[in-house]
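Structure assessment
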Amino acid sequence: MSRYIFVNLKRFDISTAHAGVNRLAPIQRWASTIVSALEKGLAQVENLPKDMGFPIFFPEAHLIAASQAKNPQASHPVEIGCQSVHTHDTQSGRNFGAFTTSLTANAAIELGCAWTLIGHSEQRAKLAAMYQLAGCDGSQFIHEILNQQVRQAIAAGLKVLFCIGEKTDEVDRAKEVLTEQLRHGLKDIDPSQIVLAYEPIWAIGPGKTPPSAEKIREIAIVVKNLYAAPLVYGGGLKKENAASIGAIAELDGGLIALTRFSGEIGFYPDEYLEIVRTYCEGVNNL
Ligand SMILES: O=C[C@H](O)COP(=O)(O)O
């Protein structure tokens, strides 16, 4: 594939009764509802580039249901991905699976995954919070942990979407931050095994203003010079900016989480399809 529209479904399976955003289906049918709606909907989208991939990252509990819901006859099949993998894995004569609470890359493969998402800002924040509790700046260790996870994923045969991005207080030195994340997180990793996602953290989620297409393009040029892998943009990607982001020649796609950022926020398949349609208008105008 040479272009991708990724979806990260974060923890969007939790119903509104428990303060979540799932209004789509009971949790048992949530993943299959999304996979079927997206595959049926993508088949109706006109002028979809043939070389476009549609990976979706689910929480672990939904991986089997999502894989089983895939239609082998779909004209534009979705691919299933997990939200990161463990730093270690099963190995003949060594570890037989003593990994309580962890999803290993070999397990992800057996659960039907083709992809994993590593280095998402919410994963980085979780790791940083642990180091903070220990009273130290763990940034170097976080890069190393992510690097180990990427290695395990590739060894198991997973494709990797590796996220980078600067925080609000890092905007002035964004290039430096991105350089560090790439240099250490992807140390000795072959770029042919990776797709990168640039997600400025200050643009993710409701109530945020994403950067202009010109600003995204500027960063895309920097990132591609640092690491020669396909690059997608995420963080407030929505119908309103999808065409202008699709028209950035240096990008190879997008990463979507919410499709609705106000009111009954959440991920809605029909709105996702509208974003894809609009993004492709931008691509077709290139
Ligand atoms: O993983 C996806 C990103 O965090 C983007 O989130 P968003 O589309 O809700 O801004």
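First, a word on what this report is: a plain description of the structure on this page. (Residues numbered from 1 in each chain as written. Predicted model: local features only at pLDDT ≥ 70, side-chain atom pairs only at ≥ 80, totals over all residues. Heavy atoms only, no water.)

Examining the site of the ligand
Every residue near the ligand is listed here: Asn-8, Lys-10, His-120, Glu-199, Ile-204, Gly-205, Gly-235, Gly-236, Leu-255, Ala-257, Leu-258 and Phe-261. Taking His-120, its side chain carries an N or O atom lying 2.9 Å from an oxygen atom of the ligand. In this structure, Leu-258 approaches the ligand through a main-chain N or O atom, which is 3.1 Å from an oxygen atom. Bound to the protein, the ligand loses 99% of the 310 Å² it would expose on its own. Among the residues forming the shell around the ligand, the class breakdown is 5 nonpolar, 5 polar and 2 charged. (Near = heavy atom within 4 Å. Polar contact = N/O pair within 3.5 Å; in protein donor to acceptor, adjacent residues only side chain to side chain. Areas by Shrake-Rupley, 256 points an atom, 1.4 Å probe, with all protein chains shown as cover. Nonpolar A, V, L, I, M, F, W, Y, C, P; charged D, E, K, R; others polar.)

Some remarks on the side chain of Arg-124
Relative to the helices and strands, Arg-124 resides in helix α4 (residues 121–133). Notably, Arg-124 is buried but unbridged: the nearest opposite-charge side chain belongs to Glu-199, and the N-O separation is 8.7 Å. With residues near it in sequence (within four places) discarded, Arg-124 still touches Gly-119, Ile-142, His-143, Leu-146, Phe-162, Cys-163, Ile-164 and Gln-181. (Helix = DSSP H or I, 4+ residues; strand = E, 2+ residues; numbered from the N terminus. Buried < 20%, exposed > 50% of the residue type's maximum accessible area, 1.4 Å probe, protein only. Lys, Arg positive; Asp, Glu negative; His and termini not counted. Salt bridge = Lys/Arg side-chain N within 4 Å of Asp/Glu carboxyl O. Contact = heavy atoms within 4.5 Å.)

What to know about the nonpolar core
Side chains of a nonpolar character, in soluble globular proteins, are inclined to be buried together. One finds Phe-58, Phe-162, Ile-194, Leu-196 and Tyr-272 to be the most contacted residues of the largest nonpolar core, which totals 75 residues. Considering each element in turn, this core owes the most residues, 7 residues, to helix α9 (residues 269–284). Discounting chain neighbours no more than four positions away, the residues touching Ile-194 are Val-150, Ile-154, Val-160, Phe-162, Leu-186, Ile-189, Tyr-227, Ala-229 and Pro-230. One finds Phe-6, Phe-57, Leu-161 and Cys-163 within the second-largest nonpolar core, a separate group that totals 11 residues. (Core = buried A, V, L, I, M, F, W, Y, C linked by side-chain atoms within 4.5 Å.)

Considering the packing of helix α1 (residues 27–44) against α9
Two numbers describe how α1 lies on α9: the axes approach to 10 Å, and their chain directions differ by 40 degrees. Of the two possible hands of crossing, α1 and α9 adopt the one that is right-handed. For the pair formed by α1 and α9, the contact residues are Ala-37, Leu-38, Gly-41 and Leu-42 on the first element and Pro-269, Tyr-272, Leu-273 and Val-276 on the second. Residue classes in the contact of α1 with α9 are distributed as 7 nonpolar, 1 polar and no charged. (Axes fitted to C-alpha atoms, helices over the stretch in contact; angles between N-to-C directions. Left-handed = near helix turned anticlockwise from the far one by under 90°.)

Brief notes about empty space enclosed by the protein
Under the defined criterion, the tally for this structure stands at 1 cavity of 30 Å³ or more. Considering only enclosed or pocket space, the largest cavity measures out at about 30 Å³ in volume. As for the largest cavity, its lining consists of Gly-119, Ser-121, Arg-124, Cys-163, Ile-164, Gly-165, Gln-181, Glu-199 and Ile-201. Of all elements in the fold, only α4 and β5 (159–164) reach the threshold of two or more residues within the lining of the largest cavity. (1 Å grid on protein atoms, 1.4 Å probe; cavity = no way out; pocket = protein on both sides within 12 Å on 5 of 7 lines; lining within 4 Å. Points joined across faces, edges and corners; volume = space filled by probe spheres on them.)

Examining the packing of aromatic side chains
Inspection of the entire model under this criterion finds 8 aromatic pairs. Residues Phe-6 and Phe-57 carry aromatic rings whose centres are separated by 5.9 Å and whose planes lie at 10 degrees to one another, so their mutual orientation is stacked. Here Phe-6 is found in strand β1 (residues 3–8), whereas its partner Phe-57 is found in strand β2 (residues 52–58), with 51 residues between them in sequence. Of the two residues, Phe-6 and Phe-57, both sit in the buried class. Taken together, the ring pairs connect Tyr-4, Phe-6, Phe-57 and Trp-115 into an aromatic cluster. (Phe/Tyr/Trp six-rings, centres within 6.5 Å; stacked < 30°, edge-to-face > 60°.)

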